[in-house]
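Structure at a glance
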Amino acid sequence: MNMLNALNNALDLAMSKHPHMCILGEDVGFFGGVFRITKDLQKKYGEDRVFNTPLTEQGIIGFANGLAATGIPVIAEIQFADYMFPAFDQLVNETAKYRYRTGGEFNVGALTVRSPYGGGIAGGLYHSQSPEAYYAHTPGLKIVIPRDPYQAKGLLLSAISDPNPVLFFEPKKLYRTSKSDVLDTYYSLPLGVADIIQTGTDITIVAWGAQVEVIQKAAKMALEQDNISIELIDLRSILPWDIQTVTDSVKKTGRLIINHEAPITNGFGSEIAATVQLECFLSLEAPIMRVCGLDIPFPFCHEKEYLPDHLKTYEMIKRSMRY
Amino acid sequence: MNMLNALNNALDLAMSKHPHMCILGEDVGFFGGVFRITKDLQKKYGEDRVFNTPLTEQGIIGFANGLAATGIPVIAEIQFADYMFPAFDQLVNETAKYRYRTGGEFNVGALTVRSPYGGGIAGGLYHSQSPEAYYAHTPGLKIVIPRDPYQAKGLLLSAISDPNPVLFFEPKKLYRTSKSDVLDTYYSLPLGVADIIQTGTDITIVAWGAQVEVIQKAAKMALEQDNISIELIDLRSILPWDIQTVTDSVKKTGRLIINHEAPITNGFGSEIAATVQLECFLSLEAPIMRVCGLDIPFPFCHEKEYLPDHLKTYEMIKRSMRY
Amino acid sequence: MKNTINHTTHIITHTLKPITTDALSIETLSLLKTNGSLYPEAVCPTIDQKTAVKIYHTMQFIRLLDDRMQACQRQGRISFYMQCLGEEAAVTGSAAGLHQQDMIFAQYREQAALHYRGFTLQQFMNQLFSNQLDLGKGRQMPVHYGSADLNYMTISSPLATQIPQASGYAYGQRLRKDPYCTLCYFGEGAASEGDFHAGLNMAAVHQAPVIFFCRNNGYAISTPTYEQFIGDGIASRGIGYGIDTLRVDGNDVLAVYAATQYARNHAMTQHKPFLIEAINYRSAAHSTSDDPIGYRTKEEEKKFSTNNAFYRYETFLIQKNWIDLKEEIERTEQIKQDILTDVKRAEKIEKPIIDQMIEDVYDKPTTQLFNQLDDLKKHIQHYPELYSHVH
Amino acid sequence: MKNTINHTTHIITHTLKPITTDALSIETLSLLKTNGSLYPEAVCPTIDQKTAVKIYHTMQFIRLLDDRMQACQRQGRISFYMQCLGEEAAVTGSAAGLHQQDMIFAQYREQAALHYRGFTLQQFMNQLFSNQLDLGKGRQMPVHYGSADLNYMTISSPLATQIPQASGYAYGQRLRKDPYCTLCYFGEGAASEGDFHAGLNMAAVHQAPVIFFCRNNGYAISTPTYEQFIGDGIASRGIGYGIDTLRVDGNDVLAVYAATQYARNHAMTQHKPFLIEAINYRSAAHSTSDDPIGYRTKEEEKKFSTNNAFYRYETFLIQKNWIDLKEEIERTEQIKQDILTDVKRAEKIEKPIIDQMIEDVYDKPTTQLFNQLDDLKKHIQHYPELYSHVH
Ligand SMILES: Cc1ncc(C[n+]2csc(CCOP(=O)(O)OP(=O)(O)O)c2C)c(N)n1
Ligand SMILES: Cc1ncc(C[n+]2csc(CCOP(=O)(O)OP(=O)(O)O)c2C)c(N)n1
Ligand SMILES: [Mg+2]
Ligand SMILES: [Mg+2]
């Protein structure tokens, strides 16, 4: 199953479970969304539960906040993560702080925001951004990013049933290309828990979403060419993130590389590095290194050069080992 | 001179220098702004150049972007930094990327956004936030925060004349309380350059804005009670930030503490820590430590407990020294 | 593909003639004369004595509460306050026009609606003094009330964010076939925010049973309406969203009551939003942090404040023989007394325990939050006198 | 304190009667019949042959360009394209109604306006192929054109952000007493964004000489207008902002031209914004990433696409004897040829050098950016064949 189908299947299962659950967003209705994630769901669940909204992201999230406050599960789709920013106030000042500021009288835990993110589709500045770090500074939000169809389905179902608002970023370049065996039935994967996808002893590499296959490729090169044994961690949840799994690994390997697509400065890699150097200070054999996007807007014609690909990661592995 | 007067004086000088320069924002006109920073400027420069806008932050920044694109210097005031989020899209997707995406055909370098930020005035969730880290992940923006009236005037004048858009955050709790000698004449202070406000040998502490006096107080305690010699750095610019000054200092002292008001996770302290541990790995005698806000919304009744005050900083100094 | 677009329904003209502001004439509904009697043509809404007196008592209470708490702020006992003065009638009249189970999303100056619903003096005080009994756990500035029991969404400072939320909430009510609707208050200033536009348009398109109630009180802090918009008030925007709209004299509690009942009926039977613009004047300062002397004249304040809604309505009730003025004077004294007593009670109650700092960020605190709380508590133990007590 | 608020000017009524959508009737201006002759009552705008033919040639060119580039995308030679089909008349007519020095802020489907201004085939191609000669340095997706020389703001993908910017730009023009104004294009979908609300209200309040030109083409990707709004189009919103408004038949290039001239005059002489809504139909797919078969019927497409603006106008010109159809057929063939040739030229030009990656983030690259570029270049030297060439 590819990621599109896995996500569609997860939504279908959730919709059939919750009698009033709604899906809303630009073009998600009859058409099924520009990436077709909500395909056929309007037909199956009706126009009152799966519907196109007017073209206003601040309205979508504002409306979804209110709807979620009634307790009805809501999926709000933002067509591209680049277009979530008009809703930044609703997300950061409202969604994230709802339960806290009301003293628990109200909450919008029933809300899940889905959005395709990341590069790899020749999208240029505004169809390529990886904005997770913008939200990671916001207590009250959960942030989840799946790496493949199996993860996508299990994590999305968890996000929907989690009693907190969740931002669910989908690596759009994997929508069709990433395939895995996916159960047809309902299953869920834990939020806030990283996934060790390969154990190793020399160095730890952390990534999430579409970058997981990048670090896998780099690890393979390093193993084959240099016999370096790498522990690979898919963080899966950016907020809250699984400090324990990462620090346990680094205490063992003594080395850490973080890979993310977003620009390096104040990306989420900075938080990981800051925390790990504190927790693992005496175990570190080399400084923590980051392989990330450059500090520039995402450039259309230099996408390949911009991206933190497997070669850059491989070179960084060698640099870390040499340190 | 207090900080209000210093800022008002800077604006006055800039307005008299640039014949079309405008100041706009909520209540900045006749009334002179809720903190009175623009007092008397409408009277002096007319209603076409200093004016109240309708109550729409996205509109203010959108309008200011367009006005700045004509080359006219613009100051857009956002009444509280907590209320900049409705303009997040205009700032992050537009302001920051204007020059880049147009290939330099157009730019909004003439824009300066001023906004009071931070706690200390019993403002609760929405009149206390320190959002600098939200913007620090955004190439194309400059971010500046002054610590006292002298700095405020010199940095604001630089921000206005800088050919790039600048976010200028003013520590509102210092508006009236912070005083310094301020020249009446035009002077400027460099952007992107940190200020070593006290040299020392045992440990480096970095802060900005209102937290500078907090670390000064802590350093005094540590000197008097424990004879610890501390190097204090006011970062002044968050973006681009002065890596050299900070790393030179840490290479000398071997220890670093970062103090900021915003929640710790993915605050700008994380970027500083991530960069410094890389650059100064072999010099570090203790892990880099952060004294920051908790990962919660800013709580009204527990403001004192929330804030990274001098006592928490002092304890952290000892912890670092003991390491 | 249920439909095709309706592009061909427009009427064609061959003469260039723009639509200008005078194309629409929006009148202001008023039923009660300033002398407390009804205009001859006016139809009095059906209202029983109990409701009528409850409205009156709500206005009475809020005027006294505002007056006392303003004073308390001046004495430094609370940090902040916002008065409703000049808008008691609009807010109370609209709250009375609703069902108790209808949801209210307010801006911040609508304490009268909350009291009408049953929020007690003690509850107001607990919030204002941020004590342990505050439903909001002391986390927000004074006047940020809310109550799930009373279907009154907790106030949020960022303006206009409640507008699309109210649309979404009302949509949920319709979806669940609840026999209730939502009313959303906001100022004419907040109506400039993008969230206003989004909220109204989405409610119209998605047929959410929500009443948008704009308190046009002439000012947004120092900004007068003529610097906020140049159209004909907020009412003139309804038509652009296809939302039926009424403008009312906000000092006429009966007109507001009638308009709200009408709007509620429209929302419930037609599954459509409705827009009401109440014309008022913010007689007091914006808040205790504000001083209007800096931006408006005493003459203007006098001109607009004389048209006093409370006494207009009082005269109406006296004429109906529904209240006895002597009793009301005693009642007023009693309320003043109660407020003073309750201030003393509320300010003695301790503030929320420190453990609550990390509650409600998520449904359960994360490991990291527990660690942060532990560190904080250990730190405070070193300096027990300098922070609030750790329980 | 120049003024007091205008709360007392409202007309009072004592009867509850809401304002409903039928209170406003907005007609659609059309001058040219589908057979190319003018309606009897219609006043033809003053237009000389040169301008009239330039408009025609612009439409002709854009139709051919769109057709060819759509095909190029299908061949995989460019990654993305957006056609203007169905809206050539609205865009060209409005561009022609402006002064060359007037500023244009567009959405993305207005290549006709840019060509009218003088953007050459080569310039289009350089952008579409993201080559070294692209004014935008290859940084944006195809169709994100812009040119300072031609007073055409570079396209930005986030919708509606250009609307308040246009207001601010126009404000600057007025402040500097430039004899020019700004025109801002946007779709009826983009008009749902909060930035639309902010931009129009601010322009009205601050008296910015800006013409808001809404292309109501029936769809926002798959979302039809009846799911976008339920009011009477976008024109019905003008009144809420106090902005004079005209609706025009967007397939009638003369009506659009006349409306724009009228709006420009209004903006310049009265320092006031103006709103135009052009009724069109997006005849092509939203973009090359889209397939309308998924959301609309062929019948609908046929129904709205038959009313072809180009041929309507062509007939008008032929009747005027201003063009010669035979020449135009030859011209068409030549343009096709030119486009093919230029595709080949443009795709051979190399892409921007890698140093340009870090330019224009700031006026000068920061130390950190130089370091990042150095690292990148060193890295590429290890794998020279795998990245684009480093110059
Ligand atoms: C998004 C946002 N911007 C600015 C503010 C600051 N602010 C608080 S109240 C206010 C004026 C509101 O005016 P209006 O909506 O007319 O309500 P009124 O105070 O007159 O009842 C402003 C600007 C805010 N709270 N939120
Ligand atoms: C803020 C934002 N949200 C969503 C999108 C994705 N998007 C691109 S075009 C489009 C539809 C625009 O419709 P309309 O404004 O009617 O213009 P048209 O395509 O019909 O010319 C959408 C939703 C975007 N570019 N920006
Ligand atoms: Mg107001
Ligand atoms: Mg459209």
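Residues numbered from 1 in each chain as written. Chains lettered and ligands numbered in written order. Predicted model: local features only at pLDDT ≥ 70, side-chain atom pairs only at ≥ 80, totals over all residues. Heavy atoms only, no water.

As a further point, take the nonpolar core. For soluble globular proteins, nonpolar side chains are generally found buried alongside one another. If you look at the biggest cluster of nonpolar residues, it comprises 320 residues, and the most contacted ones within it are Tyr135 and Ile272 of chain A together with Tyr135 and Ile272 of chain B. Ile272 of chain B has contacts with Val206, Trp208, Leu235, Trp241, Val246, Leu256 and Ile258 of chain B, leaving out every residue within four places of it along the chain. (Core = buried A, V, L, I, M, F, W, Y, C linked by side-chain atoms within 4.5 Å. Buried < 20%, exposed > 50% of the residue type's maximum accessible area, 1.4 Å probe, protein only. Contact = heavy atoms within 4.5 Å.)

All right, on to the relation of the copies chain C and chain D then. Its rotation angle being 180 degrees, the transformation that places chain C on chain D also includes 0.0 Å of axial translation and leaves an RMSD of 0.0 Å. Within this description, the copies of the chain are treated as partners about a two-fold rotation axis. Closest to the rotation axis within chain C is the C-alpha of Gly194 of chain C, separated from it by 1.8 Å. Looking at the interface residues of chain C, 100% of them are also at the interface in chain D, so both copies use one shared face. (Least-squares fit on C-alpha atoms with pLDDT ≥ 70 in both.)

A word on the coordination of the magnesium ion (ligand 3). All names here are of chain C. Binding of the magnesium ion (ligand 3) to the protein goes through Glu188 (OE), Glu188 (OE), Asn217 (OD1) and Tyr219 (O), at separations of 2.1 to 2.8 Å. The coordination sphere of the magnesium ion (ligand 3) comprises 6 donor atoms, whose angles at the metal cover 50 to 175 degrees; the geometry is irregular. In the primary sequence, the donor residues of the magnesium ion (ligand 3) line up as E-x28-N-x1-Y. Separated by 29 residues along the polypeptide, Glu188 in the loop between strand 5 (182–187) and helix 6 (194–205) and Asn217 in the loop between strand 6 (210–216) and strand 7 (219–220) bring together distant segments of the chain. There is no split in this pair, since Glu188 and Asn217 are both buried. (Donors = N, O, S within 2.8 Å, 3.2 Å for Na, K, Ca; no water. Tetrahedral: all angles 85-135°; square planar, octahedral: opposite > 155°, others 65-115°. Helix = DSSP H or I, 4+ residues; strand = E, 2+ residues; numbered from the N terminus.)

Attention now moves to the coordination of the magnesium ion (ligand 4). Residues and elements named next belong to chain D. Around the magnesium ion (ligand 4), the donor atoms from the protein are Glu188 (OE), Glu188 (OE), Asn217 (OD1) and Tyr219 (O), and they sit 2.1 to 2.8 Å away. Classification of the site at the magnesium ion (ligand 4) rests on its 6 donor atoms, whose angles at the metal span 50 to 174 degrees, yielding the label irregular. We note that the donor set of the magnesium ion (ligand 4) lies within a single chain, spaced as E-x28-N-x1-Y.

In the vicinity of ligand 1 lie 22 residues, with Glu57 of chain B together with Tyr108, Arg109, Asn217 and Tyr219 of chain C positioned nearest. What surrounds ligand 1 is not a single chain but chains B and C. Within the side chain of Arg215 of chain C, one N or O atom sits 2.9 Å away from an oxygen atom of ligand 1. For the shell around ligand 1, the class distribution of residues is 9 nonpolar, 7 polar and 6 charged. (Near = heavy atom within 4 Å. Polar contact = N/O pair within 3.5 Å; in protein donor to acceptor, adjacent residues only side chain to side chain. Nonpolar A, V, L, I, M, F, W, Y, C, P; charged D, E, K, R; others polar.)

As a further point, take the domain arrangement of chain C. When cut into domains, chain C gives domain 1 (25–38 + 47–346) and domain 2 (354–386). Its C-alpha centre places domain 1 of chain C at a distance of 37 Å from the equivalent point of domain 2 of chain C. (Domains from an automatic or database assignment.)

This brings us to the interface of chain C and chain D. Residue-level contacts link 81 residues of chain C with 81 residues of chain D. The junction of chain C with chain D conceals about 6,700 Å² of combined surface from both sides, 64% of it contributed by carbon and sulfur atoms. Its largest share of buried area at the contact with chain D, chain C owes to Ile5, His14 and Ile19 of chain C, together 12% of the area lost on that side. In this structure, the connection of chain C to chain D is made through 0 salt bridges. For the pair chain C and chain D, the number of links is 14 residue pairs in polar contact (both at pLDDT 80 or more). (Buried area = accessible area lost by both parts, 1.4 Å probe. Salt bridge = Lys/Arg side-chain N within 4 Å of Asp/Glu carboxyl O.)

All right, on to the pattern of salt bridges then. All told, the structure shown has 76 salt bridges over all chains when counted by the stated rule. Here Glu305 of chain B ties to Lys351 of chain C by a salt bridge, and the two come within 3.6 Å at their closest N and O atoms. Here Lys351 of chain C lies in the loop between helix 11 (325–348) and helix 12 (367–382) and Glu305 of chain B lies in helix 11 (residues 303–306), a pairing that spans two chains. The exposure class assigned to Glu305 of chain B is buried, which follows from its relative accessible area of 1%.

Moving on: the confidence of the model for chain C. The predicted model of chain C averages 95 in pLDDT, with 98% of residues at 70 or higher. The ipTM assigned to the predicted complex is 0.98, against a pTM of 0.98. (pLDDT = per-residue confidence, 0-100.)

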